[in-house]
Amino acid sequence: MKPDIGIKPENLKAVCDALNISLADLHVLYIKTRHAHWNVEGPDFHAKHIFFEEQYKELADIIDQVAERIRSLGQPAAATMGDFLKLTRLNEKSRKTNDSQGFIKELLEDHEGIIKYLRGLIDPFADKYEDAGTSDFITGIMEMHEKMAWMLRSHLV
């Protein structure tokens, strides 16, 4: 049964299409963060191994929130690796080294890209698609990414 929540069906679809892009980005960023957690090397290994674990756990929570928001709006959430790879705006990079600074810079760049994407959706969600709830929701998600980006940025020299 489709939701009857005062938002036109075509607007719900447009909002969810944008959220599915975010969901795909989150999954790719999650995998990249796990990669950093598993493969980081160097004298700061232990501290960064724990740090990356904290980051991917937070991303897992955000992923669940975004997928559940999509479902609460009556649309299917992207849920396969094929879907994620088609929808994501992020790139995987081949690494020659497994140093923490390289991982941190790459993950920071991805978080900042996601922040910019989400920031660009806040007003259209509220104004164009008449969905203040999702506008508010992605503002909160954006703030979580801003904090994660700050944590990453704080490790850079």
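Parameters and conventions
- Each chain carries its own residue numbering, running from 1 in the written order of its sequence.
- With pLDDT at 70 or above as the cut-off, local features in this predicted model cover only qualifying residues; side-chain atom pairs require 80 or more to be listed or tallied, and sums for whole chains, interfaces and linings still use all residues.
- Side-chain measures here rest on the full set of heavy atoms in the structure, leaving out hydrogens and waters.
- In plain words, nonpolar cores are sets of buried Ala, Val, Leu, Ile, Met, Phe, Trp, Tyr and Cys residues tied together by side-chain atoms within 4.5 Å.
- The cut-offs for exposure are 20% and 50% of the maximum accessible area for each residue type, with area from a 1.4 Å probe on protein chains only; residues under the lower value are buried, those over the upper are exposed, and the others partly exposed.
- Note on conventions: DSSP H or I runs of at least 4 residues are helices, E runs of at least 2 residues are strands, and numbering of each starts at the N terminus.
- Working rule for contacts: check all heavy atoms of both residues, and any pair within 4.5 Å makes them a contact.
- Only residues whose relative accessible area exceeds 30% and that form no salt bridge are eligible for patches; like-charged ones are grouped when within 9 Å, while nonpolar side chains (Val, Leu, Ile, Met, Phe, Trp, Tyr) are grouped when within 5 Å.
- In short, Shrake-Rupley with a 1.4 Å probe defines the accessible areas, and a residue's cover is counted only from the protein chains shown.
- For this analysis, a salt bridge means a side-chain nitrogen from Lys or Arg found within 4 Å of a carboxyl oxygen belonging to Asp or Glu.
- Working convention for charge: Lys and Arg count positive, Asp and Glu count negative, and His plus the chain ends are omitted.
- Each charge is placed at NZ for Lys, CZ for Arg, CG for Asp and CD for Glu.

Chemist: What is the right way to read the nonpolar core from this model?
Modeler: Looking at soluble globular proteins, one finds that nonpolar side chains tend to be buried together. Leu23, Phe52, Val66, Leu118, Phe125 and Ile138 are the most contacted members of the largest nonpolar core, which has 46 residues in total. Contributions of two or more residues to this core are made by α1 (9–39), α2 (45–72), α4 (100–126) and α5 (132–153). Examining the composition of this core, we find that 12 residues originate from one element, α1, more than from any other. Not counting the four nearest positions on each side in its chain, Phe52 is found in contact with Thr33, Ala36, His37, Val40, Ser100, Phe103, Ile104 and Leu107.

Chemist: I'm lost on a nonpolar patch on the surface in this one. Help?
Modeler: A cluster of nonpolar side chains, namely Ile31, Met81 and Leu85, defines an oily patch on the protein surface of about 300 Å² accessible area. Following the sequence through the fold, Leu85 ends up in helix α3 (residues 81–87).

Chemist: Whenever I open this one, a negative patch on the surface confuses me. Can you help?
Modeler: Judged by side-chain charge, Glu58, Asp61, Asp64 and Glu68 come together as a negatively charged surface patch. For Asp64, the position within the fold is in helix α2.

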